[in-house]
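# Coordinate analysis (summary)
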Amino acid sequence: MSIEQVVGLYNYWIVVFLMMTGFYIVIARTNLIKSIIGLNIFQTSVFLLYITMGRINGGTAPIIPAVVADAHAHAHPADAHATDGPAGHSLHETADELIYSNPLPSVLMLTAIVVGIATTALALALIVRIREEYGTVEEDEILELDRYS
Amino acid sequence: MNLIAFAILALLAATAVTVARMRDLWAAIMFTGIYSFLSASWMLILDAPDVAFTEAAVGAGIATVLMLSTLALTGKEERATTRSPLIPLLVVTVTGGALIYGTLDMPHFGDPSDPIHLYPNPSFVEKSQEDMHGLPNVVTAILASYRGYDTLGETTVVLTAGIAVILILRRDESHPEQQESP
């Protein structure tokens, strides 16, 4: 294990640690609310996994500064659509020496966050309903009640 | 910059472990909010301000409020479990070990030659300036236009979840006797 590998991969290891903590909460605890908390931690670690992959060393957020945008608009007024370079033309070679981190993971994770809160709300509503019906939110007590009903 | 990032990562790991060990659900939910906020801070360092804002607002804000209101309806204390934590710990360690073994092949963090930065052709970042008539934020351009159908689908999911929550929590006023039957 070289030092280069540690520097290049530590972000994944942090994410795996957080993910496994969430997984542990889900499988080790019988309280339903605690399970939802575990799922939330798991979910956030997946967001972090994607976001760390989009990062470029020395990069900045993918928001084009007004100065650069103006210069770009005046330089290519008509043939802007012809500016796509050859395949493999990386982000860091374009935009007047400004390096942008990859915007695509951000977009995917924005969608995932909103969908995640929707599913969390649904799960919490189900827990409230289960509590009304069974009088408990402990998984093993619910199974016990089901067995003897 | 690196020192701040490492401090945030250490706090993230500590918060996650604290949540796992805690019995008091109210405190655990508060720590989940802190966890979301810390991950939003790390996202900001990783050049994703849009995701950081959303995570801080939705993860640390709305999720905490939803969980606290559920807690008000269900009860605060988690009952002490009689199950041994050994089997879950074993499962988690084995899974984590397998995942870490899998990361050894992954492209390195922040390297500009990573496949994710080369495909699809990143010139769409430049083109978005023309296509969106000078909209500066590339994330907004992709979210609202290039991947607009995806966002439409996301809105559908939120609508469906909202309708489902209303249907689950609705009290049936017309049949009060049904509430009594088991």
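Residues numbered from 1 in each chain as written. Chains lettered and ligands numbered in written order. Predicted model: local features only at pLDDT ≥ 70, side-chain atom pairs only at ≥ 80, totals over all residues. Heavy atoms only, no water.

Moving on, we get to the nonpolar core. By size, the foremost hydrophobic cluster in this structure holds 62 residues, and its most contacted members are Ile37 of chain A together with Leu12, Trp42 and Val51 of chain B. Counting the residues that make up this core, at least three belong to each of domain 1 (1-78) and domain 2 (119-172) of chain B. With near-sequence residues (within four places) excluded, Leu12 of chain B lies in contact with Leu18 and Leu48 of chain A together with Tyr35, Leu38, Ser39 and Trp42 of chain B. (Core = buried A, V, L, I, M, F, W, Y, C linked by side-chain atoms within 4.5 Å. Buried < 20%, exposed > 50% of the residue type's maximum accessible area, 1.4 Å probe, protein only. Domains from an automatic or database assignment. Contact = heavy atoms within 4.5 Å.)

All names here are of chain A. There is a patch of nonpolar side chains on the surface, built from Met1, Ile3, Val6 and Val7 and spanning about 430 Å² of accessible area. Following the sequence through the fold, Val7 ends up in helix H1 (residues 3-28). Exposure remark for Val7: the relative accessible area of 52% places this residue in the exposed category. (Patch = residues over 30% accessible without salt bridge, like charges linked within 9 Å, V, L, I, M, F, W, Y side chains within 5 Å. Areas by Shrake-Rupley, 256 points an atom, 1.4 Å probe, with all protein chains shown as cover. Salt bridge = Lys/Arg side-chain N within 4 Å of Asp/Glu carboxyl O. Helix = DSSP H or I, 4+ residues; strand = E, 2+ residues; numbered from the N terminus.)

Quick look at the environment of Ile62 of chain B now. Examined against the element boundaries, Ile62 of chain B turns out to sit in helix H3 (residues 49-74). The class of Ile62 of chain B is partly exposed, set by a relative accessible area of 44%. Not counting residues up to four positions away in its chain, the partners in contact with Ile62 of chain B are Ile117 of chain A together with Ala57 of chain B.

Take the interface of chain B and chain A next. Taken together, the contact pairs 91 residues of chain B with 96 residues of chain A. Between chain B and chain A, a total of about 8800 Å² is buried, with carbon and sulfur atoms accounting for 72% of that surface. Applying the counting criterion to the chain B and chain A interface returns one salt bridge. In this assembly, chain B and chain A are joined by 18 residue pairs in polar contact (both at pLDDT 80 or more). Mapped onto the side of chain B that touches chain A, the elements with two or more residues apiece are helix H1 (2-21), helix H2 (25-45), H3, helix H4 (86-103), helix H5 (115-118), helix H6 (124-131), helix H7 (138-146) and helix H8 (148-169) of chain B. Looking at the side of chain B that touches chain A, the element that brings in the most residues is H3 of chain B, giving 14 residues. Grouping the constituent residues of the side of chain B that touches chain A by class yields 57 nonpolar, 16 polar and 18 charged. (Buried area = accessible area lost by both parts, 1.4 Å probe. Polar contact = N/O pair within 3.5 Å; in protein donor to acceptor, adjacent residues only side chain to side chain. Nonpolar A, V, L, I, M, F, W, Y, C, P; charged D, E, K, R; others polar.)

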